[in-house]
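Topology and contacts: notes
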Amino acid sequence: MLRIFKTSVEAKILLGYLIAIVLMVMVSVLGLLQLRQINNTVDILTNQLASNQKLADDVAHQIVLAQFHASRYVRTQNQADLDNFNQTFVELQALLALANEQIIAPERRVMLDKMGPDVKNYGDAFNQVARLIKKRQQLQQQVLGVQDFVIEQKLSALRIYVNSLNDPKLFLAFGNSQNAFQIMRLNVEKYLSTGDERYGILVNTAHQQVNNTLLVLTQAITNANQLQNVVEAQSAVAEYMKGFSEIQADFMVTKRLFQTKLDVLEPQITQRANDITASIKQSFELQNQFSQSLVIQTRDMLIFVTILAFFICLGLGIFISRRITTPLQAVMAVSQQIALVDLDALTMQMSTLIRGDVRLNFNITAKPLVVNLQDEVGQVAQSFNQIIFQLQKTEQAFGEMAIYLKRMAETAQAVGAGDLQVQVEAYSEDDILGHAFINMVAQLQQAEQLKHENLRLELELGVARRLQQMLLPTKMELQCIKTLDIAGFMEPADEIGGDYYDVLQHDGRVKIGIGDVTGHGLESGVLMLMTQMGVRTLLTSNEQDPIHFMDILNQTIYKNVQRMDNQKLLTLTLLDYLSQADVGGTLRLSGQHEEVIVVRQTGEIELIDTFAYGAPLGVDSNITEFIAEMTIHLEAGDGVVLFTDGITEARNQAGQLYGLERLCNTISCHWSQQSAEGVNELVITDVRQWIAPQKAVDDITLLVIKQK
């Protein structure tokens, strides 16, 4: 045993570890005995409090879950959410019953007794809300939905009849009826989705307008069948409003339930659940204080024993380390020669290679060690001898590497000089640098080819952009329209835009158009060019019916979109201008696009929502039933402004939209003092200042038309 201690460093260290382990075991046994006493003291209280804590946490969790499902059902009106609430509420009541059996602490019993009635009242109130929501859903389906269909059916029949009469006043009265009903229906939908009473006021206002306009129709229509349609439409509107009024009343009841019960009971129930949890936590803290006193006693005892063990282990470590370090010093003297001479020379050779000098200047001077020790120190000496042998092999490898790097450097020089046909070969499958050079030359050849392809593509896109700009109306064309002052602007976001505007003349007719193809780029630009060609062709062929005009144009675009196999569509508004001697002029509007801004000579703004006068082109082959028209009268100084959403949806650096309101304000402020060109330039300048220093992300198009 003594001989092993002398010849093995491991045995020396192991002996020290054994002594340290014995001391640590003694300390651990003392600590375990004391901890056992602590554990027996608090075990009973801990189990009871833990059970109460879990039960209280489960109750609080079920309360939160019930509130979540209740809130979700009110928002989504989904039966699954109502079922989840009922199931959760049943589980909550079961937990409260279990809590009544298990929680016996007097202060927590008081909190629990107050929580039970609150939970029951909350459930009753929410069930009343659920019944009101189901009733509202039935009214929406059985009254609003049915009467909405009847009104639409009657108005559709009236539209066909009014269009056949070609009576502008009757057409205007019908358009006002249809528009007022659309506004009423839109505000009903907003009220149903938000519950905001402001929309209820707007519904009543629109309802009055519907009644007034339908009354005008009853006075103007002489056809008995069509008069019956008006009367039935009036009756359907009355039933529609009766159903809405009942829904509105239920909304008020629901709000009162939330204000007086649900919103009051929710925080009360949650607070009482939290109070129970806090009470249990306080009990845990009292128990913890008691446990801490026992832990402090154990800590003091363990500190004393640990300090004693530390000094014993320290003395033992010093003794064993001296027995190990003395023979190691002899080995270190030899290792320093290797580190300070040969490894330093190796490092210098590597630095030379890093700087690009591939000349070899490396010689190994170390000699093998002679050490006659039998323990691990002797094994270290043998390892040093192996290092010396490997260094000698490294010297040989460096010579071969220098030759290899020199060849690679010559290849790199040839590539750098532009010789992309240079032959590069890898020395083996593991030659990473050789394979990298091969890939680099191949990628450079590919990049050169791609460069030529990009130049060709840029030239083609330039031609397409130039073609698109050439098709826009020139200033000379616009000036030929003597009764109108017109200025237009279009700037695409990419090389090719998807916006469209045009002003065309044929046989005394003036056709004005503005549109927007979804997206921008080559496909959008092609669809825009198709639209321009289709409008010009139909105008030249003397197609004068706006509805038929728009229908033929849609069929052409739809078939081309199907052939192109893309998802593009186009919003388009067309205006036919007719000059009236000495009294201004009129515009016949059809088609769906952005709002049309009508500006009077004083700068007063009127907005026309084009939603009711058409549908997007290219979506369906037949949109005739959606197309309608209206007439705008212009006096001297009046005009219209047409635009695409690239202006109103332009964002500044803060992400704010330019918006329709700002556009109208800019136009109104300068309308009476500026020509059409002046108004156009002021608006475009304001938009650019708004988005600066960013680039526009969508096509920008503006058309200003002013009656002379």
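Below: a short report on this structure. (Residues numbered from 1 in each chain as written. Predicted model: local features only at pLDDT ≥ 70, side-chain atom pairs only at ≥ 80, totals over all residues. Heavy atoms only, no water.)

Now for the overall build of the protein chain. Check the secondary structure of the protein chain and you find 15 helices and 10 strands. Expressed as a percentage of the 708 residues in the protein chain, the buried residues total 40%. Look at the contacts in the protein chain between residues 6 or more apart in sequence, and 73% of them connect residues 24 or more apart. Per element, the accessible surface of the protein chain, about 39900 Å² overall, is 57% carbon and sulfur. (Helix = DSSP H or I, 4+ residues; strand = E, 2+ residues; numbered from the N terminus. Buried < 20%, exposed > 50% of the residue type's maximum accessible area, 1.4 Å probe, protein only. Contact = heavy atoms within 4.5 Å. Areas by Shrake-Rupley, 256 points an atom, 1.4 Å probe, with all protein chains shown as cover.)

Summed over the entire model, instances satisfying the criterion amount to 6 aromatic pairs. Seen from their ring centres, Phe85 and Phe126 are 4.1 Å apart, and the 50° between their planes marks the pair as tilted. Placement of Phe85 in helix H3 (residues 79-102) and of Phe126 in helix H4 (residues 106-165) is noted, with a sequence separation of 41 residues between them. We note that Phe85, like Phe126, is buried. (Phe/Tyr/Trp six-rings, centres within 6.5 Å; stacked < 30°, edge-to-face > 60°.)

Glancing now at helix H15 (residues 676-691). Helix length check: H15 (16 residues) gives 23 Å between terminal C-alpha atoms against 22 Å at 1.5 Å per residue, within 8%. What H15 keeps buried is the set Ala676, Gly678, Val679, Asn680, Val683, Ile684, Asp686, Val687, Trp690 and Ile691. In this fold, the buried residues of H15 make contact with strand S1 (484-491), helix H13 (645-648), helix H14 (660-670) and strand S10 (700-707). (Expected span 1.5 Å × (residues − 1).)

With that settled, the discussion passes to a nonpolar patch on the surface. Together, Leu14, Leu18, Ile21, Val25, Val29, Leu30 and Leu33 make up a nonpolar patch on the protein surface, roughly 610 Å² of accessible area in all. With respect to the secondary-structure elements, Val29 resides in helix H2 (residues 9-76). Taking relative accessible area as the criterion, Val29 reaches 42% and is therefore assigned partly exposed. (Patch = residues over 30% accessible without salt bridge, like charges linked within 9 Å, V, L, I, M, F, W, Y side chains within 5 Å. Salt bridge = Lys/Arg side-chain N within 4 Å of Asp/Glu carboxyl O.)

A word on the packing of H14 against H15. Two elements in contact, H14 and H15, have axes whose closest approach is 10 Å; the angle formed by their N-to-C orientations is 140°. Our classification of the angle between H14 and H15 gives oblique. Crossing geometry of H14 relative to H15 is assigned as right-handed. The segment H14 lies against H15, with Arg662, Leu663, Thr666, Ile667 and His670 engaging Val679, Leu682, Val683, Asp686 and Trp690. Here the contact of H14 with H15 is composed, by residue class, of 6 nonpolar, 2 polar and 2 charged. (Axes fitted to C-alpha atoms, helices over the stretch in contact; angles between N-to-C directions. Parallel < 35°, antiparallel > 145°, perpendicular 65-115°, else oblique. Left-handed = near helix turned anticlockwise from the far one by under 90°. Nonpolar A, V, L, I, M, F, W, Y, C, P; charged D, E, K, R; others polar.)

What follows covers the sheet that holds strand S6 (residues 596-599). Pairing within the open sheet is antiparallel, and its 5 strands lie in the order S1-S10-S9-S6-S7. At either end of the open sheet lies a strand with only one pairing partner, and these are S1 and strand S7 (605-608). Put simply, the sheet's adjacent strands are angled 15° from each other on average, direction ignored. Summarising the sheet, S6 and strand S9 (residues 639-643) pair through 3 bridges and their orientation is antiparallel. (Pairing = 2+ DSSP bridges.)

Within the open sheet, the 5 strands sit side by side as S2-S3-S4-S5-S8. Their pairing is antiparallel. Taken across any chain shown, the strands that pair with only one partner, and hence form the sheet edges, are strand S2 (499-506) and strand S8 (629-634). Across the sheet, the mean angle from the axis of one strand to that of its neighbour is 20°, orientation sign disregarded. Here S2 pairs with strand S3 (residues 509-517) via 8 bridges, running antiparallel. Considered in S3, the bridge of Asp502 is made with Gly513. Against the sheet, helix H11 (residues 522-540) engages S2, S3 and strand S4 (570-580), with an angle of about 15° to S2. Running over the sheet, helix H12 (residues 546-564) touches S3, S4, strand S5 (584-590) and S8 and is turned about 150° from S4.

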